[in-house]
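# Observations on the model geometry
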Amino acid sequence: MSLIYHAHVYFLPEQAEFAAALHATLSAQLPPGCWLGRLIHREVGPHTRPMFEIDFADSLLPAVRTLLEKHRGQLPVLLHPQLADELAAHTTAASWLGEPLPLKLETLSRA
């Protein structure tokens, strides 16, 4: 059974224009089977910056990671599997591209 992965691409308000351009680039270049969410210009859930999300099967992780590494500039990215234990998914099972950001871990459930 394959896992679903999430990539959260974070940006500051002053980086919103770059984030929108990156979103457009990814929309054109992500492999089929990826879901690209809209830009969210506020903190939501455990996330402490505005962001957008990409959801994809674990088999697409190398391709998505490569695209993000190539185009993300200075924007930090959290990559994690979707797990029943949300805390583990966002911490021990997660990886970062760029600067790791603090998360509101108290908002995450444990399995």
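For the structure given in this document, a descriptive report is provided here. This one's a predicted model, so the numbers in the text were calculated from it and none came from an experiment. (Residues numbered from 1 in each chain as written. Predicted model: local features only at pLDDT ≥ 70, side-chain atom pairs only at ≥ 80, totals over all residues. Heavy atoms only, no water.)

### Digging into the sheet that holds strand β4 (residues 77–81)
Our working rule: Only strands joined by at least two bridges in the DSSP assignment are considered to pair. What counts as a helix is a DSSP run of H or I of at least four residues, what counts as a strand is a run of E of at least two, and both are numbered from the N terminus. Residue contacts are counted whenever heavy atoms from the two residues lie within 4.5 Å of one another. Interaxial angles span 0 to 180 degrees and are taken between N-to-C directions of axes, which are lines fitted to C-alpha atoms, for helices over the stretch in contact.
Pairing is antiparallel across the open sheet formed by 5 strands, whose spatial order is β2-β3-β1-β4-β5. The sheet is open, and its two borders are formed by β2 (35–36) and β5 (95–97), each paired with just one other strand. By the bridge criterion, 5 bridges tie strand β1 (residues 4–10) to β4 in an arrangement that is antiparallel. Its bridge partner lying in β4, H6 is registered against H80. Contacting β1, β2 and β3 (51–57), helix α1 (residues 16–29) crosses the sheet at an angle of about 20° to β3.

### Details of the packing of aromatic side chains
Spelled out, the test is: Two aromatic rings from Phe, Tyr or Trp, using only the six-membered ring of Trp, form a pair when their centres are within 6.5 Å; if the ring planes differ by under 30 degrees the pair is stacked, by over 60 it is edge-to-face, and anything between is tilted. Each residue is placed in one exposure class: buried if its accessible area under a 1.4 Å probe, protein chains only, is under 20% of its type's maximum, exposed if it is over 50%, and partly exposed if it falls in between.
Taken as a whole and judged by the stated rule, the model has 2 aromatic pairs. Both rings, one in Y5 and one in F56, keep their centres 6.1 Å apart while their planes meet at 20°; by these two values the pair is stacked. Linking Y5 in strand β1 with F56 in strand β3, this pair joins segments that are 51 residues apart in sequence. Each member of the pair, Y5 as well as F56, carries the same accessibility label: buried. Here Y10 and W96 contribute two aromatic rings whose centre-to-centre distance is 5.9 Å and whose plane-to-plane angle is 25°, an arrangement assigned as stacked.

### Notes on the pairing of β1
Within β1, 6 of the 7 residues are buried, which leaves it mostly tucked inside the rest of the structure. Strand direction decides the pairing type here: β1 and β3, joined by 7 bridges, are antiparallel. Counterpart to Y10 in the pairing with β3 is M51.

### Observations concerning the side chain of H80
Where we set the bar: Within 3.5 Å is the distance limit for a polar contact, defined as a pair of N or O atoms, with the added protein rule that one can donate a hydrogen and the other accept it, and that residues adjacent in sequence qualify only through two side-chain atoms.
Here H80 lies in strand β4. Take H80: its relative accessible area is 2%, and that puts it in the buried class. Within polar-contact distance, the side chain of H80 engages the side chain of H8 at 3.1 Å. Other than its neighbours up to four places away in sequence, H80 contacts I4, Y5, H6, H8, A89, H90, A93 and A94.

### A word on helix α2 (residues 61–71)
Counted only if it meets this: To be clear, the arc concerns the directions from the helix axis to the C-beta atoms.
Those residues of α2 that sit buried are L61, V64, L67 and L68. All buried residues of α2 lie within an arc of 135° about the axis, which places them on one face of the element. Along α2, exposed side chains directed more than 90 degrees from the buried face belong to P62 and K70. On the buried face of α2, the contacting elements are β1, α1, β3, β4 and β5. Positive backbone phi, approximately 60°, marks G73, located one or two places after α2.

Geometric values such as these leave the question of function open.
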